Amino acid sequence: MKDIETYDDCLFLIEKFYEQLLVDERISHFFTTLPLVEHIPKVADFWAFILIDKPGYTGNMMQAHAKLHLKGKDFDQWLKLFHETIDKYFSGDKAKLAKERSTLIAWTMRAKI
Ligand code: HEM
């Protein structure tokens, strides 16, 4: 299995992740009204910046989530699906970093909002 090495890998990962999010009975409702054609590349940009130093993400992540009223169990489920998707398609240092960073960011987000 390969590691996450290119922008296309990041986009592929996020597309596969959202396939899971969108059918998940616990958290799919957060995503049903989103314009996914714009949203998915934005989230891929975010991860490409973190994992492969590719500039491009310009959003405000914390602000985007502040209005969603997320609960601890929502974060747990989001992380579970994200980590499962990473493990299904990738392995290596970047895959490991993606799991570590997502856990850390979710923890920070949870503490802040
Ligand atoms: C409970 C878990 C989460 C849920 C339900 C959730 C849901 C959402 C939703 C609905 C949006 C779109 C907001 C909007 O445009 O109005 C969004 C944006 C985004 N999310 Fe999450 N999210 C969760 C956790 C996370 C975590 C832990 C990360 C990163 C590690 C993340 C990364 C992003 C990014 C990069 C965006 C784009 C923000 C922007 O507009 O610039 N999300 N999320």
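This text goes with the structure placed above it.
The following paragraphs examine the structure supplied in this document. Bear in mind the structure is a predicted one, so any value in this text is a computation, not a measurement.

Conventions and cut-offs
Residues numbered from 1 in each chain as written. Predicted model: local features only at pLDDT ≥ 70, side-chain atom pairs only at ≥ 80, totals over all residues. Helix = DSSP H or I, 4+ residues; strand = E, 2+ residues; numbered from the N terminus. Contact = placed C-beta atoms within 7 Å. Axes fitted to C-alpha atoms, helices over the stretch in contact; angles between N-to-C directions. Parallel < 35°, antiparallel > 145°, perpendicular 65-115°, else oblique. Left-handed = near helix turned anticlockwise from the far one by under 90°. Nonpolar A, V, L, I, M, F, W, Y, C, P; charged D, E, K, R; others polar. Near = placed C-beta within 6 Å. Buried ≥ 20, exposed ≤ 12 C-beta atoms within 10 Å, placed from the backbone.

**Describing the environment of tryptophan 78**
- With respect to the helices, strands and loops of the structure, tryptophan 78 is situated in helix H4 (residues 72-89).
- Sequence-wise, tryptophan 78 and isoleucine 27 are 51 residues apart; in three dimensions their C-alpha atoms are separated by 7.6 Å.
- Apart from the residues lying within four places of it in its own chain, the contact partners of tryptophan 78 are Ile27 and Ala106.

**A closer look at the packing of helix H1 (residues 7-21) against helix H2 (residues 36-52)**
- Interhelical geometry of H1 versus H2 gives an angle of 130 degrees and a closest axis separation of 8 Å. With respect to H2, the axis of H1 lies oblique. The element H1 and its partner H2 pack so that their crossing is right-handed. Residues Tyr7, Cys10, Leu11, Leu13, Ile14, Glu15 and Tyr18 of H1 lie in contact with H2, whose contacting residues are Leu36, Ile40, Pro41, Val43, Ala44, Trp47, Ala48 and Leu51.
- Looking at the contact of H1 with H2, its residues break down into 14 nonpolar, no polar and one charged.

**Examining the site of the ligand**
- If you check the shell around the ligand, you find 21 residues, and the closest are Phe46, Gly59, Ala64, Asp74 and Trp78.
- Every element with two or more residues in the shell around the ligand is listed here: H2, helix H3 (61-66), H4 and helix H5 (93-112).
- Sort the elements by how many residues they give to the shell around the ligand and H5 lands first, with four residues.
- Grouping the amino acids of the shell around the ligand by side-chain chemistry returns 15 nonpolar, four polar and two charged.

**Things to note about the environment of tyrosine 57**
- Within the element layout of this structure, tyrosine 57 appears in the loop between H2 and H3.
- Tyrosine 57 gets classed as partly exposed once you count the C-beta atoms within 10 Å, which come to 15.
- On a C-alpha basis, the gap between tyrosine 57 and alanine 44 in space is 8.6 Å, while along the polypeptide they are 13 residues apart.
- If sequence neighbours within four positions are ignored, tyrosine 57 has contacts with Asp45, Phe46 and Phe49.

These results come straight from atomic positions and should not be treated as a statement about function.
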